[in-house]
Structures are given as C-alpha cells and as structure tokens.
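# Understanding the architecture of this molecule
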Amino acid sequence: MSSRSNPTPHFRIEFPPELPISARADEIIGLLMKHQVVVLAGETGSGKTTQIPKLVLAAGGGLRGRIACTQPRRVAAASVSRRVAEELNVGYGREVGCKIRFADQTSAQTVVKFMTDGMLLAELQGDPELREYDAIIVDEAHERSLNIDFILGHLRRLRLRRPELKIVITSATIDTEAFSQAFDGAPIVEVSGRVYPVEVIWSPLEEMRGDNDEFTYIDGAVEAVERILRESQSGDVLVFLPTERDIREMRDLLEGRTRHLEVVPLFGRLTNAEQQRVFAPTQRRKIVVATNIAETSLTIPGIRFVVDTGLARVSRYVPQSRTRRLPIEAVAQSSAEQRKGRCGRVSDGVCIRLYAEEDFNSRPRFAQPEIQRSNLADVILRMKAFGLGDIEEFPFLNAPPAKGVRAGYGLLRELGAIDEAGVLTELGRDLAHLPVDPTVGRMILQARQEKALREALIIGAALSIQDPRERPLDQQQKADAAHRRFTHPESDFLTLLAIWEAYHDEFEAMTLGKLRKFCTAHFLSFMRMREWRDVHAQLVDVVEGREGFALSSIYDGVTPEREQPRQRQRQRATPDSALKLAMATPGYRSIHRSILAGLLGNIATLGEDDLYHAAHERKVAIFPGSGLFERAPRKPSKAPRQGAPTKPKVARWLMAAEIMETGRLYARTCARIDPHWVLELAAHLIQATHSEPFWSAESGRVLVKERRRLYHLELETRAVGYGKINPAHATEIFIREGLVGDTITWPFSFLAHNRRLREITEDVLTRLRTAGYLDLDEAVYRFYATRIDEPIAAVAELVDYVRHRQTKEPKFLFMTDESLRPPEGMEPDAESFPDALPLENRALPLNYSYKPGQEEDGVTLRVGPEEMATLSAAQLDWAVPGHLAEKVEFYLKALPKEQRRTLIPLGETARKIQGDLQLVAGREPP
C-alpha cells in the first residue's frame, strides 16, 4: 500500500492500490494544495467516495476546521462514513462521524463529517460563511438535486470571501466542463473505474411481452431474475424499479420460491436499520430490489448482476397549476451508467437492461436539474430570510425557469410571507425558521391564534412524511376495514390525528415488539410511525424554544364531563345534522382554519358538472382513499330502494393537502371547509367584482352586487353599498330612483314641497298640452343634480348633508316653477315632436295630451277609412320620435325584476336604445 505523510498522526492515511484513484493520489493532492476548487470525475468503482476525504486530509485539510462530505442520501452517508472511519483506523463517531436527519453521530473531536446535503444546507442557514469547515466535498453532484444546486451556487460566492476554503466537486457521471466553467476554470481530474468488465444484455420488454398485453416491467424484471438464477450459481442481484409499490409487488412474486433466496427491499423511507440489511452478510443468495437510491455511492457487497428497468419516478412541479406530478419516466444515460456500475465491482458483472439500445442512445445524457422542476417557494423564502439574496441573482449552475420563480413568489404571497413588493414580512421570518415546507409552517403559525398548536404540530408532521397507512395488494379489504376505525367522514386530517392518538394511547403501555404488532394489525407502517414521531419531536423542539408558541390544544379547558354529552349528541345526530355540529364545534373550526391558512391555493368547490373546481382553474376528483370519497358526487347505478338510508350530502367546499396528477388529477388528504373561513384568511388575496347597481328603498341605500372570489372561485355574493365603489354613479342612481322616483320615506320637508309642485305642474301641462314640459323626470333630476355637490348614495348621508347645508341655504332643495322648465337650448324640436303625420298627398294632425290615467292621454291621431288603408304600423311607431325613449322605458319597466335590475338606470338605458333604434331606422340620434 502507498502512504503519505500524515498531518494528523492519529489518522492512518493509506490508499489501497487496487483502487484506480490511488494511482492518481499524488496528482490529486498536488492539485488540492495548489487550487481552491477541484472537479473530479471518477467512474463507478474508482474509489472516489471513500478516498477523496483521505486525499483532502493528506493535502492539509482538517487542520483549521472540519472536512464536510455531503451525500444525497442518508443510507450512503451512514455506510460510507463507517467505511472511511475503518480505513482511517479511528473510532466511528469521534474523528469520523455522520450527521443525518434525527441522528447526529459526531463529537467535538470529529474532523471528517459526513452528512446529507440537506443537513449542510440547514447549517448554512445558521452560518452562511461555513466557518466550521476548511474543506467541502460535494459528492454525487451529477444528481443536481435542489440542495446540491443551492450548495454549489452558495460555494461559488463563498469561495471569493473565503479563499482558504477547499472545494471538491465529484461524481461518477458529471458534466465536468460545465462545473469547471462555473468555478472559473477549476482543474479537472478524470479517474477510470475498475477493470472488471460488465456485459450489457439488451432485453426490451416488447420482445419479452410477445402477445401478452398485460406483461409489465415488473413481470420483465421477475423473468430476468429467474433467468439469472437459472444460468448462474452465485452472485447477488440488484433490481432497479421506479416505486415502492413495485418493490412490494416484486417481493411478493419472488419470496417463498426457494429457501435459498433472500429478497431485500431498499428505498429512501426505510429506517437506517432496515436500509443496512443490504450490507449484512447472509448464507443465502440475495436479491436487492431498490429504487434509484442504489444508483450512487452505495457499494453493496456481492452484487454481480443488475436488472435495470430504465425507469424512475420523478417529481415534477407544474407552476401554472401549482400541481405536483409524479410520473414514471425513463432515466438519463448518466443514471443508466450508474446503475450498470453497481455490478462488476469485485468481479465480472452482467447488466440486463429491459429496453433497447436505440432507446438508450436516444435518451438525454444527463438528468434535468431538480431546480428546473421543483416548487421554489421554500428556496426563495430561506434565501430572503438568511440574507442570501434574490433567487434571480443567485449563481445557480442552471437558472431556474421564470415560471417556477413566479409561482414560488406567488405561493409566498398567498401564505403572507412576502408583501406585494416581494419584501419578507414578520410572518415570513417566523416561517423561515420552521424546518418544514412553508405551507405546513403557515398552518403551525396560524394554530397559535386558533389555540390548536398541539393538533397542528401532529398534523403538520404527518403531512411532512409519507402516509403511514399501508394497503398491501393481497389484503386491501382487510386494510380498509382496519383503517375504517380511524376514518373521519368530514376530514382526512382528523383521520391522521385519530391514528396518532390511537398509536400513542398504546405507546406508553406497550413494548417495542407489541407496538410493531399493533402497527401490523392496523396496517400501519411502523417505520413511518416512528418517522412521524421524529418529525413531530423536532417541530416541538423548535416551537418550544420560540416566544409565543405555547402548546395550546382544542382540549384545553374541556373536562371529560363536558365532552361526554357532546359525544352522545354526535352519536344521535343524523348525517347532515352531525356535519353541522362538527363544522360548528370549536375543535373542528380551530384545527381546519389553521390547516386552511397553508392551503388557500388548494381549495375546491363542487361545480354543476359534478366535478370539483379547484383554484388555478383545475378540475379534480377526490382521491379514493379519502374519507370524503364516499360523499363524492357520482351517478347512481339504480334508484335507491324505499327505506334505504339517505346518503350524506356531498361536500360543497373542501381543501386538499395536495393536488397530484397520477392517472388523473386527484385531491389528496381532504376536509370539508366553510368558505367564510377563506374570506377571512385570504383577505389579502380576495378579488371583488361589482355589477348590477340598484336602489333599495327598504334599506335606503344604493347597493351593488359584489362577488368575492379567490383564484376565480366564487366564495360569496352579497349586496354592498355602492357609494364608496363608484360615488358619481351611485349619486345619479340615488337621485333618479330615490328623489325623482319619490321612494324615500324619510320626512324631508323639501320632498313634500316638490311633490306638491310637481302635481300642480302636471295639471298645468295637461291643460296646456305643451310638449316641452313632457319630460318632468329629467327636469327634476337636473334640479337635484345641480344642487347636490357631494356624493350621496344613502338616505342617512342625505340627512347629514341637508342638516349641514340648510343652516346657510334653508331652501336650497326646494323647487320653483322655473325649476321644471327645460334649460335654454333644450326645447323640443319640431322633428322630434311634429304637429302632423305626413301621408301620400296630405298631413294628418297629431293631438298631444298629458292626462295620465285618462283615455286621451298621450298623442291622438284621428283617421278616416281612406287614411286607415294607407297607414302602416311603421308609420305609427315612428310618428313621434320624441316619445321613443319613453316607449322603450315603458317596455323595460315591464321586464321581470331580475332582468330589469341589470338595466338600471332605466332612463339612461332607454336613451341608449333610442339612439340605436334611430340609426337602424335611418335617422340621426338627437
């Protein structure tokens, strides 16, 4: 073995000669001493993951600070750190340690610190300068996760402020030129992998399927494993599948076939102990069935065969609809090569690819960076909170899409974390210190006001992990029956709370073994229940250390004696009355208002098409696993039998923790809500539109129909005062409908005077038959409009206005005879009010009479039999053009109330229609 001088005598720094990277050790150490940044591309099996920390030590790292080594996954960080501690001949947890979520195995003596990239990112928030470290190793950088890209962008800035900080960026499949350019031409070292050849066998599913249309990639993987077992006597097999469900299905198909076979699952949500099973020695032949967690960093001993489906589940965020999709997609060439590299580490290997070589060649070389397919709200929030600048100016290797940035800002505005100018609010600063997604954090902050913090922490922790309920394919009915014990018919969030309460009722009394049996009996994942407890404990630790976060509960002050009658009342209630009772109880209201504060963009209402119309113009269905699914609208298969129980009413309004697209767009984890809660919690987002203003004699105000919407979903329609919305128009309606129409009941003296004067004037008009005095309403309107010089839209406002002004002008609203005469230049012309109706060679006189209620009221035309034959309906309709507007208004007043209300003010509408009609008739409007 080759060795180097040791800057820290207690470390044994040796580089195994069988590893390809050892041959380049001197070169790499020299580059590390000379350059601040080194980009290292080491093929699978080169030894880069375990040897680079030792190379950094040999180059002088670890003297002024620790060496941070990041890994994308917990299982890799834990396994590699143990291996490095062993090679350095030091105690694990002392000089070499590992820090992952919920487990910190480091000490004050730790020099080499392995961690997930998420943990380094969390430390960066408290110490942006990373003063704890003198070297940072970013491994598996090719994965381009959101955390990795954020760390790399920060390091691009930090290296300028800390020139002594050493940075190593490494991966088996990396775009070396792009990384080198990002760090101003950093030197590149490319190390080849081990010399053991790997045979690639192309076995496309299309060829394996034949005429069997139901043949899936799981069937193909099983067939490939059986082929390996038939044709070889030794060597473990690693199978790559896209989902946990696929892994469970394949385990069911393989297990029990032979006692000489052990099937071991491997995916990210397993506990550390369960993940470590893949490294445990066994006398039986091992089949490891894994997701893409096994692509990188993990050297699973004994693997000689790889079966690659070429698929992975990829999380994609759609900014336009704020929907998370989890499609199963073909992996990039780099990922496929990583998978191939998992075999052949100690001997010749075989990789069976369940797709064609042409398919492989057509795939992109590298996977799309996560930052270009993720929700960026959390990144933007933390960058602002910890002074890291704006996301638009951050030096990411690949800039995030503009749509994603806009969606991130939109979500933060929705949560109240930033204001309209994009400045962080006080609520936003509190939100940034909670170690959860911003939507969950907003629920917790709201729970402080709602006095339901205990329940919000439990539910928030549940939403931060995968659903703890299990539903095996071969025991679905049993699982559904077991889960029904916890199901709340109005809220899946309360279902989660019920699971928590049931589990913890047993937790205090049961041993660990009995708890496992409890979970098995109730089809709950023991691993996820433990993760739920860990996340909850972390949240409790955070909030207990902050001012104003008292662990309040909906049960505070509720004694068992007070609660029991309420429970009996629920049991006796009908489904609909039970709903009203549940919605009205403080507990339901407090919990769900807290949750709703974080999910304002995920509300939905039932449309006329029996689909739920969600915010951002989405149409969704309730997920079948929801407790509300039974109430989802669906066409009845047959008429209900007489006496059958009535189905509970469908939830009109609901919220969902997540709207996800799989086969279709589903609302998952739902609860019924009161839309009035949205009006209050989303006051900063509500859009109000106004239409159909009208005069209400009953309330003495001009009102307008107001529709209040959130993201195009109408929450409420109500009548509100029109005066502050459009003062000028409201004043006109008030004068025309209230004063001119004489519908005000308040005993104004000027109204009584003006009413008497108008009656006298109408009598005079009847006697004089003068056309110029026919439009009395318009004359009265002009009188009031010229004297009221302030916006008035209600009787109460008019009372105050009159009292104030009449002290100086007591009679300012009293009309005189002259008030009812048209102003100069507005006398009716002969064309509008002709004296006669022209016929072929003569003219028939028109007689005008103003006698309301009498037979001769209006215009009279006397004709004989000869003239009658020559008259047409059109001639009579257009005989007096000046009356056209009055005729139109007459017909408008005859319309039904709902239609008529949209045309108010009727006089103005009639005049507009008059002009249009005159143009149709070939006349110029007056």
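For the structure given in this document, a descriptive report is provided here. (Residues numbered from 1 in each chain as written. Predicted model: local features only at pLDDT ≥ 70, side-chain atom pairs only at ≥ 80, totals over all residues. Heavy atoms only, no water.)

In space, the six strands of this open sheet follow the order β11-β20-β15-β12-β14-β13, with parallel pairing throughout. Each edge of the open sheet is held by one strand with a lone partner, namely β11 (198-202) and β13 (261-266). Across the sheet, the mean angle separating the axes of adjacent strands is 20° when strand polarity is ignored. Helix α8 (residues 217-231) rests against β11, β12 (236-240), β13, β14 (285-290), β15 (303-308) and β20 (349-353) of the sheet, and its axis sits at about 155° to β15. Packing of helix α9 (residues 244-254) onto the sheet brings it into contact with β12, β13 and β14, and relative to β13 it is tilted by some 175°. (Pairing = 2+ DSSP bridges. Helix = DSSP H or I, 4+ residues; strand = E, 2+ residues; numbered from the N terminus. Axes fitted to C-alpha atoms, helices over the stretch in contact; angles between N-to-C directions. Contact = heavy atoms within 4.5 Å.)

In this sheet, strand β27 (residues 701-710) lies alongside strand β26 (residues 687-696) in antiparallel orientation, the contact comprising eight bridges. In the strand pairing of β27, tryptophan 695 is matched with valine 702. Hairpin remark: β26 followed by β27, antiparallel, with four residues in the connecting loop; positive phi at glycine 700, about 70°. Hairpin connection between β27 and strand β28 (residues 713-721): a loop of two residues separates the two successive antiparallel strands, and tyrosine 711 in this loop has a positive phi of roughly 50°.

A few words on the packing of helix α19 (residues 492-507) against helix α21 (residues 526-544). With their axes 12 Å apart at the nearest point, α19 and α21 run at an angle of 95° to one another. Taken together, the axes of α19 and α21 lie roughly perpendicular to each other. Facing Leu496, Ile499, Trp500, Tyr503, His504 and Phe507 of α19, the residues of α21 in contact are Phe526, Met529, Trp532, Arg533 and His536. Classifying every residue of the contact of α19 with α21 gives eight nonpolar, two polar and one charged. (Parallel < 35°, antiparallel > 145°, perpendicular 65-115°, else oblique. Nonpolar A, V, L, I, M, F, W, Y, C, P; charged D, E, K, R; others polar.)

Turning our eyes to something else, we now look at the nonpolar core. Judged by nonpolar contacts, the single largest core of 109 residues is most densely connected at Leu155, Trp532, Ile603 and Leu710. Ranked by residues supplied to this core, first place goes to α19 with eight residues. Not counting the four nearest positions on each side in its chain, leucine 155 is found in contact with Leu130, Ile136, Val138, Leu165, Ile167 and Phe183. (Core = buried A, V, L, I, M, F, W, Y, C linked by side-chain atoms within 4.5 Å. Buried < 20%, exposed > 50% of the residue type's maximum accessible area, 1.4 Å probe, protein only.)

Listed as buried for helix α32 (residues 884-893) are Leu884, Ala885, Val888 and Leu892. Burial along α32 is one-sided: seen end-on, the buried residues are contained in an arc of 95°. α32 presents Glu886 and Phe890 as exposed residues on the side facing more than 90 degrees away from its buried surface. (Arc of directions from axis to C-beta.)

What follows is about empty space enclosed by the protein. Applying the stated rule across the entire model yields one cavity of 30 Å³ or more. Lining the largest cavity are Lys48, Thr49, Ile52, Pro53, Cys69, Thr70, Gln71, Phe114, Ile137, Asp139 and Thr170. Of all the elements in the fold, those that place two or more residues in the lining of the largest cavity are α2 (48-58) and β4 (66-71). When residues of the lining of the largest cavity are assigned to their parent elements, the largest contribution, four residues, is made by α2. Taken together, the residues of the lining of the largest cavity break down into five nonpolar, four polar and two charged. (1 Å grid on protein atoms, 1.4 Å probe; cavity = no way out; pocket = protein on both sides within 12 Å on 5 of 7 lines; lining within 4 Å. Points joined across faces, edges and corners; volume = space filled by probe spheres on them.)

The next thing to look at is the sheet that holds β28. Spatial ordering of the open sheet is given by β26-β27-β28, a layout of three strands whose pairing is antiparallel. Looking at which strands have only one partner, the edges of the open sheet turn out to be β26 and β28. With strand direction ignored, the average angle separating the axes of adjacent strands in the sheet is 20°. Lying over the sheet, helix α26 (residues 727-740) contacts β26 and β27, oriented at roughly 20° with respect to β26.

Below, the discussion takes up unusual backbone geometry. Non-glycine residue glutamate 140 carries a positive phi angle of around 55°. You will see that aspartate 742, though not glycine, has its phi angle at about 55°, which is positive. Structurally, aspartate 742 is set in the loop between α26 and α27 (749-768). Residue classification places aspartate 742 among the partly exposed residues on the basis of a relative accessible area of 32%.

A few words now on the packing of aromatic side chains. The description of two aromatic rings rests on the distance between their centres and on the angle between their planes. One pass over the structure, following the stated rule, counts 16 aromatic pairs. For the pair tryptophan 746 and phenylalanine 748, a centre-to-centre distance of 6.3 Å together with 45° between the ring planes defines the contact as tilted. With relative accessibility at 9%, the residue phenylalanine 748 sits in the buried group. Summarising the aromatic geometry, the rings of tyrosine 801 and phenylalanine 812 are spaced 6.0 Å apart at their centres and angled 75° between planes, so their arrangement reads as edge-to-face. With tyrosine 801 in helix α29 (residues 795-805) and phenylalanine 812 in the loop between α29 and β29 (836-838), this residue pair connects regions lying 11 residues apart in the sequence. A residue is classified by how much of its surface remains accessible, and tyrosine 801, at 6% relative accessible area, is buried. Geometry around tyrosine 781 places arginine 736 over its ring, the cationic atom sitting 3.8 Å from the centre. Over the ring of phenylalanine 814 we find lysine 811, and its NZ or CZ is 4.2 Å from the ring centre. (Phe/Tyr/Trp six-rings, centres within 6.5 Å; stacked < 30°, edge-to-face > 60°. Lys NZ or Arg CZ within 6 Å of the ring centre and 35° of its normal.)

Turning to the pattern of salt bridges, a few remarks are in order. According to the stated counting rule, one finds 47 salt bridges in the structure shown. Of the charged contacts, one joins aspartate 308 and arginine 339 as a salt bridge, the two residues approaching to 2.7 Å between their closest N and O atoms. Of this pair, aspartate 308 sits in strand β15 while arginine 339 is found in helix α11 (residues 333-340), placing the two residues 31 residues apart along the sequence. The class for aspartate 308 is buried, based on a relative accessible area of 0%. Measuring nitrogen to oxygen at the nearest pair gives 2.7 Å for the salt bridge that ties aspartate 378 to arginine 382. You can see aspartate 378 and its partner arginine 382 sitting in helix α13 (residues 377-385), four residues apart, about one turn around the helix. Look at arginine 382 and you get buried, because its relative accessible area is 11%. (Salt bridge = Lys/Arg side-chain N within 4 Å of Asp/Glu carboxyl O.)

With that settled, the discussion passes to the pairing of strand β7 (residues 112-116). Buried residues dominate β7, accounting for five of its five residues. Side-chain alternation along β7 places Val112, Phe114 and Thr116 on one buried face and Lys113 and Met115 on a second face that is also buried. Pairing of β4 with β7 involves five bridges; the strand directions are parallel. Within β7, the position partnered with glutamine 71 by the bridge is threonine 116. Pairing between strand β5 (residues 96-100) and β7: four bridges, direction parallel. Looking at the pairing, cysteine 98 lines up with phenylalanine 114 of β7.

Okay, the environment of serine 525 next. Structurally, serine 525 can be placed in the loop between α20 (512-521) and α21. A residue is classified by how much of its surface remains accessible, and serine 525, at 5% relative accessible area, is buried. Considered as a pair, serine 525 and arginine 469 are 56 residues apart in the sequence and their alpha carbons are 6.3 Å apart. The contacts of serine 525, once residues within four sequence positions are left out, are Pro468 and Glu470.

Now for α2. Burial runs high along α2: 11 of the 11 residues are buried. Of the residues flanking the end of α2, it is glycine 60, one or two places downstream, whose phi is positive at about 105°.

All right, on to the packing of α19 against α20 then. Closest axis-to-axis distance for the α19/α20 pair is 10 Å, and the angle between their directions is 150°. With respect to α20, the element α19 is oriented roughly antiparallel. In terms of crossing hand, the pair formed by α19 and α20 is right-handed. Contact residues: α19 offers Ala502, Tyr503, Glu506 and Phe507, while α20 offers Leu515, Phe518 and Cys519. Considering only residue class, the contact of α19 with α20 consists of six nonpolar, no polar and one charged. (Left-handed = near helix turned anticlockwise from the far one by under 90°.)

Interpretation note: all reported values are geometric properties and have no functional meaning in isolation.
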